[in-house]
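Now for the letters of each chain:
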Amino acid sequence: MTEEHNDIENKPRNFFSRLTSALKGKKDVVKNNLVNLLKTNKINETTLEEIESELIMADIGVLTTEKIINLLKEKRKKNSGTTEELRYSIRDIMLSILKPVSIPLTIKNSSGPFVILMIGINGAGKTTSIGKLSRYFQDQHYSVMLAAGDTFRAAAIEQLQVWGKRNEIEVISQETGADPGAVIFDAHASAKAKNINILLADTAGRLHTQTGLMDELIKIKKILKKQTFEAPHEVMLVLDASLGQNALIQAEKFNEALGVTGLIITKLDGSAKGGIVLSIADKLKIPIRFIGIGEKIEDMQSFDGHDYINALLNIPQNHENN
Ligand SMILES: Nc1nc2c(ncn2[C@@H]2O[C@H](COP(=O)(O)OP(=O)(O)OP(=O)(O)O)[C@@H](O)[C@H]2O)c(=O)[nH]1
Ligand SMILES: [Mg+2]
């Protein structure tokens with residue numbers, strides 16, 4: 001086996017262990033407590049209550065937790081209720097929540113570039129995710145161009161240009177203060193003229209409560225739609241997992257205003273408790289395209305619900321009962 005082949009073979013395992021340790025977090029997470037609970041021998045009403053509070057503390061949210069616990073009680077009636085069974089029951093229930101949103105982003109052919117409009121609150125990780133996505137798509141042999149649609153924050157354009165340089169791709173920009181709609185319009189025309197496959201459009205961070213700024217995003221979307229009806233092909237909301245349930249509220253509001261078609265959930269390596277991913281999936285049912293597990297260009301992965309749950313519950317990849 002060549003070294004290169006070996007490298008590819010090792011990739012998923014490396015990522016899995018990185019995700020596992022990222023989710024372990026520096027503080028608590030579902031893992032430490034829940035995983036320990038799942039090791040105890042007795043499963044009774046008290047254990048179930050403890051599991052319930054651990055799930056809530058892991059940012060899974062009250063409603064989703066209730067749903068999981070109720071399903072768990074039903075499953076328990078049907079089997080002997082050993083800890084191992086309980087663990088796999090929780091895994092299966094969580095999987096049933098994540099499976100419908102484990103839909104990878106597919107780049108469809110169209111007359112112009114496939115446009116991904118990146119939106120979200122300040123500091124969520126939009127620009128960094130653009131840098132990571134550029135590398136990801138280039139690795140798949142797509143040509144990529146960037147649009148510096150954050151004309152508001154000082155140094156935002158330079159930040160995007162650094163990612164452009166790193167990935168050796170063109171960044172279309174104007175001066176700070178320019179109309180972001182105009183920048184993205186120009187970038188679309190340029191990408192179309194140069195037969196670029198994918199245009200990643202950055203936007204300034206904004207709170208979902210800032211109506212004027214939300215309207216600006218709606219306007220950008222309309223401008224793109226006038227160029228090609230399908231554009232933007234993906235309205236990608238970037239959410240910071242460390243914000244817990246607040247991330248869910250943001251997602252709901254951005255979705256109401258813009259019709260979000262995909263999510264990137266970032267900072268799962270930091271203080272995030274991991275459970276918010278389940279809460280978002282259960283409530284919004286919007287495809288989770290990628291997760292961010294660090295600041296570096298390679299710290300992003302296509303979302304896979306199965307791997308995610310195994311990492312969350314500390315179930316080794318090669319040690320499953322089905
Ligand atoms: N630990 C960690 N840090 C991340 C991740 N993604 C982004 N960051 C960091 O979060 C900070 C903000 O990231 P940006 O990409 O600038 O966020 P943004 O959404 O573009 O922010 P604004 O342009 O200000 O709205 C930076 O320090 C990034 O390095 C991640 O997955 N994990
Ligand atoms: Mg930014």
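Since we're looking at a predicted model, the values are computed, not measured.

A.B. asks: What is the right way to read the overall build of the protein from this model?
C.D. replies: Along the backbone of the protein there are 12 helices and 8 strands. By residue count, 44% of the 322 residues in the protein fall in the buried class. Restricting to contacts in the protein with at least 6 residues of sequence separation, those with at least 24 account for 77%.

A.B. asks: Sorry if this is basic, but what is going on with the confidence of the model for the protein here?
C.D. replies: Detailed conclusions should not be drawn from predicted coordinates in areas where pLDDT is low. Of the residues in the protein, 83% reach a pLDDT of 70 or more, and the chain-wide mean stands at 87. Note on residues 1–14: pLDDT under 50 across the span, and 2 contacts to partners over four residues away in sequence or across chains.

A.B. asks: Sorry if this is basic, but what is going on with the site of ligand 1 here?
C.D. replies: Around ligand 1, 22 residues are found, and the nearest of them are Gly125, Thr127, Thr128, Gly205 and Gly292. The dominant element in the shell around ligand 1, judged by the number of residues it contributes, is helix 6 (residues 126–139), at 3 residues. For the shell around ligand 1, a count of residues per class yields 4 nonpolar, 11 polar and 7 charged.

A.B. asks: Explanation requested: the environment of isoleucine 276 in the structure shown.
C.D. replies: Inspection of the secondary structure puts isoleucine 276 in helix 11 (residues 276–284). For isoleucine 276, a count of 27 C-beta atoms within 10 Å corresponds to the buried category. Between the C-alpha atoms of isoleucine 276 and alanine 58, which are 218 residues apart in sequence, the distance is 7.4 Å. Each residue touching isoleucine 276, except ones within four places of it in the same chain, is listed here: Asp59, Ala241, Gly244, Gln245, Ala247 and Leu248.

A.B. asks: Help me out: how do you make sense of the environment of serine 173 in this one?
C.D. replies: Locating serine 173 in the fold gives a position in the loop between strand 3 (171–172) and helix 8 (180–193). For the pair serine 173 and glutamate 158, spaced 15 residues apart in the sequence, the C-alpha separation amounts to 9.6 Å. Residues within four places of serine 173 in sequence aside, it is in contact with Ala148, Ile157 and Val183.

A.B. asks: Mind showing me how you'd approach the pairing of strand 1 (residues 114–119) here?
C.D. replies: Successive side chains on a regular strand alternate, one facing one side of the sheet and the next facing the other. Burial within strand 1 is extensive, with 6 of its 6 residues counted as buried. Across the two faces of strand 1 the burial is the same, with Phe114, Ile116 and Met118 and Val115, Leu117 and Ile119 all buried. In this sheet, strand 4 (residues 198–201) lies alongside strand 1 in parallel orientation, the contact comprising 4 bridges. Looking at strand 4, one finds that leucine 117 is bridged to alanine 201. Bridging between strand 1 and strand 5 (residues 234–240) involves 4 bridges; their strand directions are parallel. In the strand pairing of strand 5, methionine 118 is matched with methionine 236.

A.B. asks: How should I be thinking about the pairing of strand 7 (residues 288–292) in this particular structure?
C.D. replies: Strand 7 sits mainly inside the fold: 5 of its 5 residues count as buried. Summarising the sheet, strand 6 (residues 262–266) and strand 7 pair through 3 bridges and their orientation is parallel. Counted as the bridge partner of isoleucine 264 is phenylalanine 290 from strand 7. The pairing of strand 7 with strand 8 (residues 300–302) spans 3 bridges and is classified as antiparallel. Residue pairing in the sheet places glycine 292 in a bridge with methionine 300 of strand 8.

A.B. asks: What is the right way to read helix 5 (residues 83–98) from this model?
C.D. replies: An α-helix turns once per 3.6 residues; consequently, residues spaced three or four apart project the same way. When the terminal C-alpha atoms of helix 5 are compared, their 22 Å separation across 16 residues agrees well with the 22 Å that a helix rising 1.5 Å per residue should span. The set of residues buried in helix 5 consists of Leu86, Tyr88, Ser89, Ile90, Arg91, Met94, Ile97 and Leu98.

A.B. asks: Help me understand the environment of glutamate 295, please; the structure alone is not making it clear to me.
C.D. replies: Relative to the helices and strands, glutamate 295 resides in the loop between strand 7 and strand 8. The partly exposed category is assigned to glutamate 295, around which 14 C-beta atoms lie within 10 Å. Separated by 170 residues in sequence, glutamate 295 and glycine 125 place their C-alpha atoms 9.0 Å apart.

A.B. asks: Help me understand the packing of helix 3 (residues 45–57) against helix 4 (residues 62–78), please; the structure alone is not making it clear to me.
C.D. replies: The axes of two packed helices give the description: the angle between them and the distance between them. Viewed as axis vectors pointing N to C, helix 3 and helix 4 meet at an angle of 150°, and their least axial separation amounts to 9 Å. Taken together, the axes of helix 3 and helix 4 are roughly antiparallel relative to one another. The interaxial crossing formed by helix 3 with helix 4 has right-handed handedness. Between helix 3 and helix 4, the contacting residues are Leu48, Glu52, Leu55 and Ile56 on the first element and Val62, Thr65, Ile68, Ile69 and Leu72 on the second. Here the residues of the contact of helix 3 with helix 4 are counted per class, giving 7 nonpolar, 1 polar and 1 charged.

A.B. asks: What exactly am I supposed to notice about helix 7 (residues 156–167) here?
C.D. replies: The first and last C-alpha atoms of helix 7 sit 17 Å apart over 12 residues, in line with the 16 Å expected at 1.5 Å per residue. Along helix 7, the positions that sit buried rather than exposed are Ala156, Ile157, Leu160, Trp163, Gly164 and Asn167. Down the axis of helix 7, the sector holding all buried residues measures 125°, keeping them to one side. Every exposed residue of helix 7 that faces more than 90 degrees away from the buried side is listed here: Glu158, Lys165 and Arg166. Contacts from the buried residues of helix 7 go to helix 6, strand 2 (144–147) and strand 3. Just downstream of helix 7, glutamate 168 is the residue with a positive phi angle, here 55°.

Basis of the calculations
- Residues numbered from 1 in each chain as written.
- Chains lettered and ligands numbered in written order.
- Predicted model: local features only at pLDDT ≥ 70, side-chain atom pairs only at ≥ 80, totals over all residues.
- Helix = DSSP H or I, 4+ residues; strand = E, 2+ residues; numbered from the N terminus.
- Buried ≥ 20, exposed ≤ 12 C-beta atoms within 10 Å, placed from the backbone.
- Contact = placed C-beta atoms within 7 Å.
- pLDDT = per-residue confidence, 0-100.
- Near = placed C-beta within 6 Å.
- Nonpolar A, V, L, I, M, F, W, Y, C, P; charged D, E, K, R; others polar.
- Pairing = 2+ DSSP bridges.
- Expected span 1.5 Å × (residues − 1).
- Axes fitted to C-alpha atoms, helices over the stretch in contact; angles between N-to-C directions.
- Parallel < 35°, antiparallel > 145°, perpendicular 65-115°, else oblique.
- Left-handed = near helix turned anticlockwise from the far one by under 90°.
- Arc of directions from axis to C-beta.

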